Amino acid sequence: GENVEQHPSTLSVQEGDSAVIKCTYSDSASNYFPWYKQELGKRPQLIIDIRSNVGEKKDQRIAVTLNKTAKHFSLHITETQPEDSAVYFCAASPNQFYFGTGTSLTVIP
Amino acid sequence: DTAVSQTPKYLVTQMGNDKSIKCEQNLGHDTMYWYKQDSKKFLKIMFSYNNKELIINETVPNRFSPKSPDKAHLNLHINSLELGDSAVYFCASSQALGNTIYFGEGSWLTVV
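The shown structure was predicted, so the numbers you read here are calculated from the model rather than taken from an experiment.

Draft legend 1. Examining the environment of His-29 of chain B more closely. Residue and element names in this part refer to chain B. Mapped onto the elements, His-29 comes out in the loop between β3 (19-25) and β4 (31-37). Judged by its relative accessible area of 7%, His-29 falls in the buried class. The spacing of His-29 and Glu-58 is 29 residues in sequence and 21 Å in space, taken between C-alpha atoms. Residues contacting His-29, with those up to four places away along its chain left out, are Lys-71, Ser-93, Ser-94, Gln-95 and Tyr-102. Within the structure, the side chain of His-29 is placed 3.3 Å from the backbone nitrogen of Ser-94, a separation counted as a polar contact.

Below, the structure written as structure tokens:
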């Protein structure tokens, strides 16, 4: 089955700086790569996703890049704000979702 | 209106008891899931149903038994609860397997 690795497990940045979270996957059949944000005590919620026919997608301060050849994809958050503090999960889906182990992001005011 | 709702939100129970968590989705989705999130925040799939039929059954003790009376409902029954069952259980749904997953608010289970 698919194996998704996510790094780093924790990340602290100063407010206004950028944050990058990276994931790798193993199954070349994976064709859908969503990112979820989970605030403390809340449910994971989709923030952005990308499909395998696209290399990059941007939504305001959030962007995701995909390198199918290298089997890795990344989440980029620019101009970070304290409300960006949360746990972020990547996932890869050949048919079912396989989640990464999560990155706890702390934005320091 | 809540898209994926699950009850109860909090559950504290003693070892050895049997408990159930109920889930309903009003999104018209065909696929429903149960995920377990442990203290390390790992999200692990337990079960997936498509149109009331079991399609994913990960390595889960047979004390856990899902039931889907119709495609809008997926309940989770747990027998003989153990301390290690303490976790947050998320119900979720998607239009089809592999499509965007929408999570319920979670059920915090504590076994004492």
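Additional details are given in the paragraphs that follow.
Draft legend 2. How the structure looks around the pairing of strand β9 (residues 87-94) of chain B. Residue and element names in this part refer to chain B. Across the eight residues of β9, eight count as buried, placing the element largely inside the fold. Burial along β9 is two-sided: Ala-87, Tyr-89, Cys-91 and Ser-93 facing one way and Val-88, Phe-90, Ala-92 and Ser-94 facing the other are all buried. With seven bridges joining them, β4 and β9 adopt antiparallel strand pairing. Among the inter-strand pairings, Tyr-33 is bridged to a residue of β9, identified as Ala-92. Pairing of β9 with strand β11 (residues 107-111) involves three bridges; the strand directions are antiparallel. By the bridge assignment for β11, Tyr-89 is matched with Ser-107. In this sheet, strand β10 (residues 102-103) lies alongside β9 in antiparallel orientation, the contact comprising two bridges. Each bridged residue has a counterpart across the sheet, and for Ser-93 the counterpart in β10 is Tyr-102.

Draft legend 3. Spatial organisation of the sheet that holds strand β6 (residues 56-59) of chain A. Residues and elements named next belong to chain A. One open sheet accounts for five strands, arranged β1-β3-β8-β7-β6; its pairing is antiparallel. On the outer flanks of this sheet lie β1 (5-7) and β6, each paired with one strand and no other. Mean inter-strand twist for the sheet, computed between neighbouring axes without regard to direction, equals 15 degrees. Sheet topology note: the β6/strand β7 (residues 62-67) ladder contains four bridges and is antiparallel. Bridging across to β7, Lys-58 finds its partner in Ala-63.

Draft legend 4. Summary view of the pattern of salt bridges. Residues and elements named next belong to chain B. A full pass over the atoms with the stated rule returns seven salt bridges over all chains. Asp-85 serves as the salt-bridge partner of Arg-63, at 2.8 Å between the closest nitrogen and oxygen. Here Arg-63 is found in the loop between β6 (53-57) and β7 (64-70), whereas its partner Asp-85 is found in the loop between β8 (73-78) and β9, with 22 residues between them in sequence. Side by side, Arg-63 and Asp-85 carry an identical accessibility label, which is buried. Because the salt bridges share partners, they merge into one network encompassing Arg-63, Glu-82 and Asp-85.

Conventions we followed
- Residues numbered from 1 in each chain as written.
- Chains lettered and ligands numbered in written order.
- Predicted model: local features only at pLDDT ≥ 70, side-chain atom pairs only at ≥ 80, totals over all residues.
- Heavy atoms only, no water.
- Helix = DSSP H or I, 4+ residues; strand = E, 2+ residues; numbered from the N terminus.
- Buried < 20%, exposed > 50% of the residue type's maximum accessible area, 1.4 Å probe, protein only.
- Contact = heavy atoms within 4.5 Å.
- Polar contact = N/O pair within 3.5 Å; in protein donor to acceptor, adjacent residues only side chain to side chain.
- Pairing = 2+ DSSP bridges.
- Axes fitted to C-alpha atoms, helices over the stretch in contact; angles between N-to-C directions.
- Salt bridge = Lys/Arg side-chain N within 4 Å of Asp/Glu carboxyl O.

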